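# Residue-level structural notes
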Amino acid sequence: MAYRFFIVACEASGDSHGAHLAKEIRALMPEAGFQGIGGPKMNGEGVLLHQDMTKISALGFGDVIRQYFTYLRIFNHTIEKIKSWKPDAVIVIDSPAFNLRLAKKISGEFPIIYYISPQIWAWGMRRIAVIKRHISKMIVILPFEEDLYKKAGIDCSFAGHPLLDQMQISDTREHLREKLGLKPNEKAVALLAGSREKEVRRIFPIMIESASILHKKMPELRFFYLRRHNVDASFYEDALTAFPSLPLSEPAMNFQDLAHSVDFALVTSGTATLETALLGTPFFLLYKASWSTYFLGKRLIRVPYLGLVNLLAEKRIVPEFIQEFAKPETIAHEAEVLMKNPELYKNMKEEFLKIRDKLGKEGASKRAAQQVLDFMSGRKKSV
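Residues numbered from 1 in each chain as written. Predicted model: local features only at pLDDT ≥ 70, side-chain atom pairs only at ≥ 80, totals over all residues. Heavy atoms only, no water.

### Concerning the overall build of the protein chain
- In terms of helices and strands, the protein chain carries 17 helices and 13 strands.
- Scaling as 2.2 N^0.38, a compact globule of 383 residues should have a C-alpha radius of gyration of about 21 Å, and the protein chain matches this with 21 Å.
- Expressed as a percentage of its 383 residues, the buried residues of the protein chain come to 55%.
- Taking the contacts inside the protein chain whose residues are at least 6 apart along the sequence as the reference set, 66% of them involve residues at least 24 apart.
- Carbon and sulfur atoms make up 53% of the accessible area of the protein chain, which totals about 17600 Å².
- Averaging the locations of the 53 positively and 43 negatively charged side chains of the protein chain gives two centres separated by 6 Å. (Helix = DSSP H or I, 4+ residues; strand = E, 2+ residues; numbered from the N terminus. Rg over C-alpha atoms; globule rule 2.2 N^0.38 Å. Buried < 20%, exposed > 50% of the residue type's maximum accessible area, 1.4 Å probe, protein only. Contact = heavy atoms within 4.5 Å. Areas by Shrake-Rupley, 256 points an atom, 1.4 Å probe, with all protein chains shown as cover. Lys, Arg positive; Asp, Glu negative; His and termini not counted. Charge placed at Lys NZ, Arg CZ, Asp CG, Glu CD.)

### Some thoughts on unusual backbone geometry
- Of note in the backbone geometry, Lys-86 takes a positive phi value of approximately 55° without being a glycine.
- The phi dihedral of Asp-94 falls on the positive side, at around 55°, and the residue is not glycine.
- Among the secondary structure elements, Asp-94 is positioned in the loop between β4 (89-93) and α5 (96-106).
- For Asp-94, a relative accessible area of 24% translates into the label partly exposed.

### Comments concerning the pattern of salt bridges
- Taken as a whole and judged by the stated rule, the model has 16 salt bridges.
- Note that Arg-222 is salt-bridged to Glu-186, the shortest N-O span being 3.6 Å. Taken together, the positions of Arg-222 in strand β9 (residues 222-225) and Glu-186 in the loop between α8 (173-179) and β8 (188-192) put the pair 36 residues apart, joining distant regions of the chain.
- According to the relative accessible area criterion, Arg-222 is partly exposed, its value standing at 21%. (Salt bridge = Lys/Arg side-chain N within 4 Å of Asp/Glu carboxyl O.)

### Considerations on helix α9 (residues 197-217)
- For α9, which comprises 21 residues, the first-to-last C-alpha distance of 30 Å matches the rise-based estimate of 30 Å (1.5 Å per residue) to within 8%.
- Taken together, the buried positions of α9 are occupied by Glu-199, Val-200, Ile-203, Phe-204, Ile-206, Met-207, Ile-208, Ser-210, Ala-211, Ser-212, Leu-214 and His-215. (Expected span 1.5 Å × (residues − 1).)

### Some points on the environment of Ser-170
- Its location among the elements puts Ser-170 in the loop between β7 (156-158) and α8.
- The class for Ser-170 is exposed, based on a relative accessible area of 51%.
- It is 32 Å that separates the C-alpha atoms of Ser-170 and Tyr-305, two residues lying 135 residues apart in sequence.
- Residues in contact with Ser-170, not counting those within four places in the same chain, are Leu-176 and Asp-257.
- Reaching out from Ser-170, the side chain makes a polar contact with the side chain of Asp-257 at a distance of 2.6 Å. (Polar contact = N/O pair within 3.5 Å; in protein donor to acceptor, adjacent residues only side chain to side chain.)

### Brief notes about the side chain of Arg-127
- One can find Arg-127 in the loop between β5 (112-115) and α6 (128-134).
- Despite its burial, Arg-127 remains without a salt bridge, the nearest opposite charge being carried by Asp-94 at 7.9 Å.
- Contacts of Arg-127, omitting those with residues within four sequence positions, involve Pro-96, Ala-97, Leu-100 and Ile-120.

### Overview of the environment of Ser-249
- Relative to the helices and strands, Ser-249 is located in strand β10 (residues 248-249).
- Under the relative-accessibility criterion, Ser-249 is labelled partly exposed at 29%.
- Once the C-alpha coordinates of Ser-249 and Asp-357 are considered, the two residues, 108 residues apart in sequence, prove to be 34 Å apart.
- Not counting chain neighbours up to four residues away, the residues in contact with Ser-249 comprise Phe-223, Phe-224 and Tyr-225.

### Things to note about the sheet that holds strand β6 (residues 137-140)
- Read across the open sheet, the seven strands follow the order β3-β2-β1-β4-β5-β6-β7; overall the sheet is parallel. What marks the edges here is a single partner per strand, and that holds for β3 (48-52) and β7. Each neighbouring strand pair of the sheet contributes to a mean axis angle of 15°, computed without reference to strand direction.
- Both strand β1 (residues 4-9) and β4 contribute to a ladder of five bridges, which runs parallel. The residue of β4 that forms the bridge with Val-8 is Val-92.
- The strands touched by helix α4 (residues 68-85) within the sheet are β1, β2 (33-38), β3 and β4, with β1 carrying the most contacts at an inclination of about 175°. (Pairing = 2+ DSSP bridges. Axes fitted to C-alpha atoms, helices over the stretch in contact; angles between N-to-C directions.)

### Description of a positive patch on the surface
- A surface patch of like charges, here positive, comprises Arg-101, Lys-104, Arg-126 and Arg-133.
- For Arg-133, a relative accessible area of 58% translates into the label exposed. (Patch = residues over 30% accessible without salt bridge, like charges linked within 9 Å, V, L, I, M, F, W, Y side chains within 5 Å.)

### Re the nonpolar core
- Core analysis: the largest hydrophobic core is formed by 100 residues, its most contacted members being Phe-5, Ile-25, Ile-91 and Phe-204.
- Among the elements that line this core, the one with the most residues is α9, at eight residues.
- Setting aside chain neighbours within four positions, we find Phe-204 in contact with Leu-191, Ala-193, Glu-199, Tyr-225, Phe-235, Tyr-236 and Ala-239.
- Residues Tyr-71, Ile-79, Leu-102 and Leu-148 belong to the second largest nonpolar core, which totals 34 residues. (Core = buried A, V, L, I, M, F, W, Y, C linked by side-chain atoms within 4.5 Å.)

### What to know about the packing of aromatic side chains
- Under the counting rule described, the total for this entry stands at 11 aromatic pairs.
- Residues Tyr-3 and Phe-5 carry aromatic rings whose centres are separated by 6.1 Å and whose planes lie at 65° to one another, so their mutual orientation is edge-to-face.
- By relative accessible area, Tyr-3 is classed as buried at 9%.
- Residue classification places Phe-5 among the buried residues on the basis of a relative accessible area of 0%.
- Here Phe-284 and Phe-321 contribute two aromatic rings whose centre-to-centre distance is 5.4 Å and whose plane-to-plane angle is 50°, an arrangement assigned as tilted. With Phe-284 in strand β12 (residues 283-287) and Phe-321 in strand β13 (residues 320-322), this residue pair connects regions lying 37 residues apart in the sequence. (Phe/Tyr/Trp six-rings, centres within 6.5 Å; stacked < 30°, edge-to-face > 60°.)

In structure tokens, the structure reads:
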């Protein structure tokens, strides 16, 4: 008998991970059925969607509060759909604020498989009791998380990081740089301001001002950026108009091709920073949230770094410019120091190689799919 899974992904990255997971489960069990909430990538893999979560833009606690009733409606609707369809298991991906509350409501009726763990190690382990009570199976993507959960008595397995499977460079770096119009010895910088509207509006102006200052220090540099379809074109036009002398252009490239092509990048905190590190491109991390989110997070987070690259390395590899410290003058100065110091530049690239080794081998989504089916098989035998 084929299993039926309801997948819950609350943002774009979760949609991508959910799509890969559904694809790999179906490769192992072609008759498996899927419904859920997520986005276009999950829909493209045959998941019947009840809500496109990628159309909702929320960055941090403050933004979530402002859209409380939207999330409440989706939350209640999701519970209704799960109970009416009666899947064999519910797979929730990341997004603990939504998914742990969901688990509390339905764990008595359905087994809950959690793929991509909440970052409990960053929040003082305060959610571990909830996870132990309501989550049937935990599948993690960071190597240190498996022991953490097993010590707490939670069924957990390490699948490896799915980003290793999603590195899709379309051409050689040399050819990509030719497409950008770069000469062999010409240096380029990318401004990668994130995918969500609010983070782009908060961070891109800081990036473009930093680039303008850096260009005055290093006039030979070329700059590139990517627009996001969910951000009004007028926003970018206004930002570009403020710095008319900056050699900044928008190439016809995706994120990974551009990040791989350039010599340095300014990147918004999130999955994109790990992607950039895996591509081997030195970068700085920038982050700016609403003050309510920052105020709350500063008092609750129990880790020394915001960036996953630094957390995995257990030291500061990548400079982090957060909130009031995200000052264009400082960012430009530090970028100049890095780009003009071959030893510092080389060291960062070498540290990125070590990070890649820590994340396991390729095939994470396939291993996660097998772990899902192994759990379901074991559960069936025990019944």
